[in-house]
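# Observations on chain architecture
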Amino acid sequence: MDRVLGIDIGGTSIKVGLFSTEGVLEAVTKIPTGEIVSEAAFAVVTTGLKRLLADNGASPEDVIAIGLDVPGPVDDDGKVGMLANIELDPDGLKAAILRSFPRANLAFVNDANAAALGELWQGTAKGANSFVLVAIGTGVGGGVVANGKLISGAFGAGGEIGHITVNRDETDACGCGRKGCLEQYASAKGIVNSYLAICEELGTEPVHLDGPTDTLSIFNAHRAGDKAAKKAINKMVDYLGYALAQISLVVDPQVYLIGGGVGGGFNLYSEDLRTAYRSYCLAPSASTRILPASLGNDAAMYGCAFQALSER
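Described in the following lines is the structure provided in the data block. This is a predicted model, so every value here is computed, not measured.

## Some remarks on the packing of aromatic side chains
Here the structure, examined in full by the defined rule, presents 9 aromatic pairs. Through successive ring pairs, a cluster of aromatic residues spans Phe19, Trp121, Tyr302 and Phe306.

## Topic: the pattern of salt bridges
Once their charged atoms are close, side chains differing in charge can pair, the charge on each being opposite to the other. For the structure on display, the rule yields 5 salt bridges. The salt bridge involving Arg103 is made with Asp2; its shortest N-O contact spans 3.3 Å. Of the two residues, Arg103 is situated in the loop between α2 (90-100) and β5 (105-110) and Asp2 in the segment before β1 (3-9); the sequence distance between them amounts to 101 residues. For Asp2, a relative accessible area of 33% translates into the label partly exposed. Lys15 is the salt-bridge partner of Asp298, the closest N and O atoms lying 2.9 Å from each other. Of this pair, Asp298 sits in the loop between β10 (289-292) and α9 (299-310) while Lys15 sits in strand β2 (residues 13-19), and the two are 283 residues apart along the sequence. The partly exposed category is assigned to Asp298, whose relative accessible area is 26%.

## Regarding helix α3 (residues 111-122)
Spanning 12 residues, α3 covers 16 Å between terminal C-alpha atoms, matching the ideal 16 Å at 1.5 Å per step. Of all 12 residues making up α3, 10 are buried, and the element is well covered by its neighbours. The N-cap of α3, judged by a side-chain oxygen 3.0 Å from the amide nitrogen of Ala112 a few residues on, is Asn110.

## A closer look at the packing of helix α1 (residues 39-55) against α2
The axes of two packed helices give the description: the angle between them and the distance between them. Across the interface, α1 lies against α2 with an axial gap of 10 Å and an inter-helix angle of 40°. Here α1 is positioned oblique relative to α2, judged by the angle of their axes. Judged by the twist between their axes, the crossing of α1 over α2 is right-handed. On α2, the residues touching Glu39, Phe42, Val45, Thr46 and Lys50 of α1 are Gly92, Leu93, Ala96, Ile97, Arg99 and Ser100. Grouping the constituent residues of the contact of α1 with α2 by class yields 5 nonpolar, 3 polar and 3 charged.

## Here's the deal with the environment of Thr124
Topologically, Thr124 is positioned in the loop between α3 and β6 (131-136). When the C-alpha atoms of Thr124 and Asp8 are compared, they prove to be 20 Å apart, with 116 residues separating the residues in sequence.

## Section: the sheet that holds strand β7 (residues 140-146)
Sheet architecture is open: 5 strands sit in the order β8-β7-β6-β9-β10, paired in mixed fashion. Whereas interior strands pair on both sides, the edge strands pair on one side only; in this sheet they are β8 (149-150) and β10. With 6 bridges joining them, β6 and β7 adopt antiparallel strand pairing. Bridging across to β7, Ile136 finds its partner in Val140. Sitting on the sheet, helix α8 (residues 266-280) touches β9 (255-259) and β10, and the angle it makes with β10 is about 165°.

## A word on the side chain of Ser152
The residue Ser152 is located in the loop between β8 and α4 (183-186) in this model. Residue class for Ser152 comes out buried when judged on its relative accessible area of 8%. If near-sequence neighbours (up to four positions away) are discounted, Ser152 is found in contact with Val74, Asp75, Asp76, Asn113, Ala157 and Gly158.

Quick notes on the rules
Residues numbered from 1 in each chain as written. Predicted model: local features only at pLDDT ≥ 70, side-chain atom pairs only at ≥ 80, totals over all residues. Heavy atoms only, no water. Phe/Tyr/Trp six-rings, centres within 6.5 Å; stacked < 30°, edge-to-face > 60°. Salt bridge = Lys/Arg side-chain N within 4 Å of Asp/Glu carboxyl O. Helix = DSSP H or I, 4+ residues; strand = E, 2+ residues; numbered from the N terminus. Buried < 20%, exposed > 50% of the residue type's maximum accessible area, 1.4 Å probe, protein only. Expected span 1.5 Å × (residues − 1). Polar contact = N/O pair within 3.5 Å; in protein donor to acceptor, adjacent residues only side chain to side chain. Axes fitted to C-alpha atoms, helices over the stretch in contact; angles between N-to-C directions. Parallel < 35°, antiparallel > 145°, perpendicular 65-115°, else oblique. Left-handed = near helix turned anticlockwise from the far one by under 90°. Contact = heavy atoms within 4.5 Å. Nonpolar A, V, L, I, M, F, W, Y, C, P; charged D, E, K, R; others polar. Pairing = 2+ DSSP bridges.

Just distances and angles here, no functional claims.
And the structure:
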């Protein structure tokens, strides 16, 4: 029976899903990796993939498609661009995998784009012809699907929603080197930074935070009536609604999906986000739905498997 593998590449390990061609997730495993730049590291990956198959009654000859998502740009031709937070030789890994899985088509996909494709295949966006996923975690990523096709762009920068300029008066630089990016306000780190700054302005003591991306504590503080937390989340919502309105002028999607770690608090700010979006968008786009994504941390794994299967 034909099988598909979806490989979610992280900095210290990869998560692998074994799928049927219909999109049923049959098994998941994690393979510790570290730097994936040598034949020895490639062998660790291929050995782990073969073990996953063997444990589930399959063989390398059953695999017809393998997708890999990476935290960096991938252009329309599948070429991987800059990888800032991971040591990976994509060409070397691709060659090693194809030697071990001779029937498989292999595809690289940007991680946020992969998450969008996952939601299209088996998540909230199933059946939608056009939608935009906004993945809000440590940073802000995105995936754009128009007419059923992923828009990755000529240079792999399609869907870089986190770097839409929303505040031209910002003096602090974003991690990308520009100033006033959405990521500076809507990411987990951005929300925490806003909260701490507002506490200082108000002269109030912030709640205890477990690190620089602990939005859960801020969401809980908001529910408990913390004024600074409410202001920080309102700031995030306003900038995010503004950014979505700008995207609608170009893409005009049926649906926006909010995912990532900050997406876990969606019910807390969903109505305010919808109100902010409608206050900024062009009238014909006011009916666009804004919904939570449903596949969580597995979305990218689903999506890169789907991309590889679709390219066969």
